Amino acid sequence: MGDLFLVRHGETAWSRSGRHTGWTDVPLTERGREEARRLVPLIRSHRIGAAFVSPLQRARETAELIGLHEPRVDVDLREWDYGGYEGVTTVEIQRERPDWFLFTDGVAPGPPDRPGESPEQVGQRADRVLAEVDAAHANTDGCVVLVAHGHFLRVLTARRLGLPASAGALFQLATGTLCRLGTEHGRPVIAGWNVRPPS
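Quantities reported herein were computed from a predicted structural model and do not represent experimental measurements.

Participant: An account of the sheet that holds strand β1 (residues 4-8) is needed here, citing residue identities and associated values.
Facilitator: Within a beta sheet, neighbouring strands are joined by backbone hydrogen bonds and run either parallel or antiparallel to one another. Overall, mixed pairing links the six strands, which are arranged β3-β2-β4-β1-β5-β6 in an open sheet. Both outer strands of the open sheet, β3 (72-73) and β6 (187-195), are each paired with one neighbouring strand and no more. Alignment of strand β2 (residues 48-53) against strand β4 (residues 143-148), held across five bridges, turns out to be parallel. Bridging from a neighbouring strand, Ala 51 pairs with Val 145 of β4. Contacting β1, β2 and β4, helix α4 (residues 57-65) crosses the sheet at an angle of about 140° to β4.

Participant: Any details on the layout of surface pockets? Residues and values, ideally.
Facilitator: In this model, the largest pocket occupies a volume close to 330 Å³. Lining the largest pocket we find 17 residues, and of these Arg 8, Ser 15, Arg 19, Tyr 82 and His 151 sit closest to its centre. Broken down by element, the lining of the largest pocket gets its largest block of residues, three residues, from helix α8 (residues 150-160). Class assignment of the residues belonging to the lining of the largest pocket gives a composition of three nonpolar, nine polar and five charged.

Basis of the calculations
- Residues numbered from 1 in each chain as written.
- Predicted model: local features only at pLDDT ≥ 70, side-chain atom pairs only at ≥ 80, totals over all residues.
- Heavy atoms only, no water.
- Pairing = 2+ DSSP bridges.
- Helix = DSSP H or I, 4+ residues; strand = E, 2+ residues; numbered from the N terminus.
- Contact = heavy atoms within 4.5 Å.
- Axes fitted to C-alpha atoms, helices over the stretch in contact; angles between N-to-C directions.
- 1 Å grid on protein atoms, 1.4 Å probe; cavity = no way out; pocket = protein on both sides within 12 Å on 5 of 7 lines; lining within 4 Å.
- Points joined across faces, edges and corners; volume = space filled by probe spheres on them.
- Nonpolar A, V, L, I, M, F, W, Y, C, P; charged D, E, K, R; others polar.

Shown next, in the form of structure tokens:
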């Protein structure tokens, strides 16, 4: 297991306002573009063996702005399918479901093209991505970079550490940040989290 770098895309209008942004393809804000550009020195300081990106434009533009050339697009890197909660804030959901918590309760069903996912379904996607990461590590001596989305990357981190998908709740993740998952004594560890270069 080599180093795995996780990049959450830069700010969007929906992330700024707290709206659940799953498969809706919203663009970066100018601030989000600047957040991505600021990560360039952190990315360039490492030898990259492979890079994967979500198909959604906010992730693809972030990958381009941080200098990843032709990363492999992987549909499994899409954000959580929020179903009936797409575009809705946590505050709005909790008006009807006061104890609702995404990582344990999942989402309300949505339309046929966006039915929603349970935490376990997101965890299954994360496991598939991690299998691809391990295959990439086996074929390169560089690190692997994933450019994707906040809730998905939190679940992926939990799964990498051998935890259930619901444990993604433990890893708060800001827009435009870099995280590093490494190993210590052959076991996966968090080696850096929510890293940004100094202003």
